[in-house]
Amino acid sequence: MNDKITMHYQVPADDFTRAGEASSSVKSKLKMMGVKPEIIRKVAIAMYEGEINMVIHASGGTIDVTVSQEEITIVLKDQGPGIEDIDQAMRAGFSTAPDNIRALGFGAGMGLPNMKKYTDELIIDSEIGKGTTVTMKVKLPTD
Amino acid sequence: MSEFFTSVHLKEELCMGCINCIKRCPTQAIRVRNGKAVITKKFCIDCGECIRICPHHAKEATYDSLDIRNRFEYTIALPAPSLYGQFNNLDDVNIVLTALKKMGFDDVYEVSGAAELVSEMSRKYVEEHEEQWPIISTACPTVVRLIQVRFPNLIEHLLPICSPADLAASMARKKAMEKTGLSSDKIGILFISPCPAKVTAVKSPIGIHHSDIDGVIAIKEIYPVLLPYMKDSIDDVEELRISGRIGISWGGTGGEASGLLSESYLAADGIENVIRVLEDLEDNKFDRLEFIELNACSGGCVGGVLTVENPYAAKVKLKKLRKYLPVACSHLADGNAEDAFWNNEVQYQPVFNIGSNMKESIENMARVQQLTEKFPKLDCGSCGAPTCKALAEDIVRGVAKEEDCIHILREYIHKLSGELSRLDIKKDEM
Ligand SMILES: Nc1ncnc2c1ncn2[C@@H]1O[C@H](COP(=O)(O)OP(=O)(O)OP(=O)(O)O)[C@@H](O)[C@H]1O
Ligand code: SF4
Ligand code: SF4
Ligand SMILES: [Mg+2]
């Protein structure tokens, strides 16, 4: 029997029309699984920010979402340019988004701070030239 | 409310099992089983999409016939504003209202009049409840039902005010009781509706305990009966109108929102667009808005499946009709609409749940994934489910089996015939 389930997604590069597809799909599955609405909301917001970051700052990547009875783990992996200074990137308002991206309404530098705010754990593992792996966890209440 | 009531249903003898509807249903509520469409009531939001798409007219809505009037001593017609958009060259709403009386209703009460009161109340409510922004309109019962079953995080944004039809019903009843001295049960409040969702909203209301509407008559039913009376009415028009531009605008998309006299709103129509807006709203993707107006039908209520005119043409007609009217004719100060707030909390109904606890849900979802992998991902519909994933969910829910997929069945038969021929060979060797 399965005590966890993993959902796997590919996030294509530079495709804004498809950005958000993965978080929508996760959202609808979590709803069917009876996860509490407020938790789904956190996961959806945090995951969407991460998904968009992969589209804008890296050239797409993969997402694995694992649900167990205790927690939801979201792993976003890309082979993009990496993040030079993670502390700086985490600061509210910091952004390297170019003008054309800002014109689309992104680049407020609020993505990573929101991902931290809406999850119980956020770990960023990044290497320049190699890529970035962001791991987020949201705990499920035991009842 | 124990069982789920829905107005949209199948006329079995007309259904060809062609699977057009299963693909169109926004909540995947329909399956074709044994050659006939079946609606799972708890998933249905009465949007009417399946009525629109069915080439064989096998889907229809339940509503009351005009005979329902005979059940009451005194009847009042409540025309939805969308009714006014159905007629060519109509330049005065009073003609429609007079004709309704001529055809036998004892009185009329314009829903658009109550709509102006709802607009006034909403204006105040929106202004005073910034913490609830964006506030989502609740006049379209399909949208409210959709949010109740699929967008639990948005329930707190719902505008907790009765729909104009329900408010009109309470006010009309009060007025009639005062005027006639009859008891409430002798008075019939009959709403003339553009859509099946309103029938459901009366039978199983959301947000209020009870609707004052006694019956719902379809616009398309009353239309041919009303036309000749309208011709008759032209020469002695009674002044019955109680609404102006704001009230009549409610019949089309953007009407309710514009009645708030604020710029900070979004108005979306058409069920697929509504769902997109709700998804994005749930993910915080919008800048701060005060109000969101949502109508399940394209064009707004004029696009309801029980109307006759093309919704876009009807919208133009409404625009022409209201052009020379005052901004509003009904005002809160004139009467009492204090009962117009919701009195029954809306609870999330997780009808789509796949397990009764987390452990079971994980197991079941894993099984859905395994099955989906096994299916050819053609979403061909031959199994009667709209997608391969939907079939997988049905199997896990125990209402379908793997061999319902013709591709799996074929494989299975191949394997079986392979085994049989091997048996034959063995037999020959013996
Ligand atoms: N996956 C990634 N790969 C490389 N750099 C990243 C990645 N994710 C974030 N960054 C860097 O961190 C910065 C801050 O990210 P954050 O999501 O907080 O803001 P943003 O994406 O620039 O703007 P916003 O998310 O508000 O639209 C980005 O501008 C970018 O330089
Ligand atoms: S569209 Fe649906 S209801 Fe209409 S005939 Fe086809 S299967 Fe039956
Ligand atoms: S009315 Fe709408 S929700 Fe109900 S079965 Fe038809 S398409 Fe589906
Ligand atoms: Mg970002």
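## Overview of the overall build of chain A
Helices and strands together make up the secondary structure of chain A, namely five helices and five strands. In summary, chain A has a C-alpha radius of gyration of 15 Å against a globular reference of 15 Å for 143 residues, a match within 12%. Projected onto its principal axes, the C-alpha coordinates of chain A cover approximately 45 × 30 × 25 Å. The proportion of buried residues among the 143 residues of chain A is 51%. Sequence separation of 24 or more characterises 62% of the internal contacts of chain A that already satisfy a separation of 6 or more. For chain A, the accessible area works out to roughly 7,100 Å², and carbon and sulfur atoms hold 48% of it.

## Things to note about the site of ligand 1
Residue and element names in this part refer to chain A. Taken together, 19 residues form the shell around ligand 1, and within it H57, S95, T96, G107 and M110 come nearest. In the environment of ligand 1, a nitrogen atom lies 3.0 Å from a nitrogen or oxygen atom belonging to the side chain of D78. Take G109: an N or O atom from its main chain is 2.9 Å from an oxygen atom of ligand 1. Listed by contribution, the elements that provide at least two residues to the shell around ligand 1 are α2 (37–57) and α5 (111–118). Looking at the shell around ligand 1, its residues break down into eight nonpolar, nine polar and two charged.

## Remarks on the side chain of S243 of chain B
Residues and elements named next belong to chain B. Within the secondary structure, S243 is located in the loop between α8 (219–233) and α9 (245–249). For S243, a relative accessible area of 0% gives the class buried. A polar atom in the side chain of S243 sits 2.8 Å from the side chain of S112. In contact with S243, not counting residues within four places along its chain, are E110, S112, G113, E116, I248, L325 and C329.

## Some thoughts on unusual backbone geometry
Residue and element names in this part refer to chain B. With an omega of -10°, the peptide bond between W133 and P134 qualifies as cis. Mapped onto the fold, P134 is located in the loop between α4 (111–128) and β7 (135–136). One non-glycine residue, H57, lies in positive phi territory at about 50°. Along the chain, H57 turns up in the loop between α2 (49–53) and β4 (59–61).

## A look at the side chain of T73 of chain A
Residue position: T73 of chain A is located in strand β3 (residues 71–78). Discounting chain neighbours no more than four positions away, the residues touching T73 of chain A are D64, V65, T66, T135, M136 and K137 of chain A.

## As for the packing of aromatic side chains
Residues and elements named next belong to chain B. Taken as a whole, this structure holds four aromatic pairs over all chains when the rule is applied. Ring centres of F43 and F352 lie 4.8 Å apart, and the angle between their planes is 20°; on these two criteria the pair is classed as stacked. Residue F43 is found in the loop between β3 (36–39) and α2, and its partner F352 is found in the loop between α12 (311–322) and α13 (358–374); the two are separated by 309 residues along the sequence. The two residues F43 and F352 agree in class, both being buried. Look at F87 and Y223: their rings are 5.4 Å apart centre to centre, the planes differ by 15°, and that puts the pair in the stacked class. With a gap of 136 residues between them, F87 in the loop between β5 (74–79) and α3 (93–102) and Y223 in helix α8 connect regions that are remote in the sequence.

## Here we look at the sheet that holds strand β8 (residues 187–193) of chain B
All names here are of chain B. One open sheet holds the four strands; their spatial order is β6-β5-β8-β9, and the pairing between them is parallel. Looking at strand neighbours, the two that pair on one side only are β6 (107–108) and β9 (215–218), the edges of this open sheet. Note: β5 against β8, six bridges, orientation parallel. Each residue of the ladder has a partner; that of A77, found in β8, is L190. The sheet strands contacting helix α6 (residues 164–180) are β5, β6 and β8, and the helix crosses β5 at an angle near 150°.

## Structural notes on the packing of α4 of chain B against α6 of chain B
Residue and element names in this part refer to chain B. Relative to each other, α4 and α6 sit at 110°, their axes nearing to 8 Å. In terms of their interaxial angle, α4 and α6 are classed as roughly perpendicular. Contacts from V111, A114, A115, L117 and V118 in α4 reach P164, A165, L167, A168 and M171 in α6. Residue composition of the contact of α4 with α6, grouped by class: 10 nonpolar, no polar and no charged.

## Description of the layout of surface pockets
Residues and elements named next belong to chain A. Taken as a whole, the second largest pocket encloses approximately 1,200 Å³ of empty space. Considering the residues around the second largest pocket, the lining is formed by 45 residues, among which E49, N53, H57, M110 and G111 are closest to the centre. Counting only elements with at least two residues in the lining of the second largest pocket, the list comes to α2, β3, α3 (86–90), α5 and β5 (131–139). Sort the elements by how many residues they give to the lining of the second largest pocket and α2 lands first, with nine residues. Here the residues of the lining of the second largest pocket sort into 22 nonpolar, 15 polar and eight charged.

## Here we look at the confidence of the model for chain A
Mean pLDDT over chain A: 93, with 99% of residues reaching 70 or higher. Considering each helix and strand of chain A separately, the mean pLDDT is smallest for helix α4 (residues 99–102) of chain A, with a value of 87, and largest for β5 of chain A, with 98.

Conventions we followed
- Residues numbered from 1 in each chain as written.
- Chains lettered and ligands numbered in written order.
- Predicted model: local features only at pLDDT ≥ 70, side-chain atom pairs only at ≥ 80, totals over all residues.
- Heavy atoms only, no water.
- Helix = DSSP H or I, 4+ residues; strand = E, 2+ residues; numbered from the N terminus.
- Rg over C-alpha atoms; globule rule 2.2 N^0.38 Å.
- Buried < 20%, exposed > 50% of the residue type's maximum accessible area, 1.4 Å probe, protein only.
- Contact = heavy atoms within 4.5 Å.
- Areas by Shrake-Rupley, 256 points an atom, 1.4 Å probe, with all protein chains shown as cover.
- Near = heavy atom within 4 Å.
- Polar contact = N/O pair within 3.5 Å; in protein donor to acceptor, adjacent residues only side chain to side chain.
- Nonpolar A, V, L, I, M, F, W, Y, C, P; charged D, E, K, R; others polar.
- Phe/Tyr/Trp six-rings, centres within 6.5 Å; stacked < 30°, edge-to-face > 60°.
- Pairing = 2+ DSSP bridges.
- Axes fitted to C-alpha atoms, helices over the stretch in contact; angles between N-to-C directions.
- Parallel < 35°, antiparallel > 145°, perpendicular 65-115°, else oblique.
- 1 Å grid on protein atoms, 1.4 Å probe; cavity = no way out; pocket = protein on both sides within 12 Å on 5 of 7 lines; lining within 4 Å.
- Points joined across faces, edges and corners; volume = space filled by probe spheres on them.
- pLDDT = per-residue confidence, 0-100.

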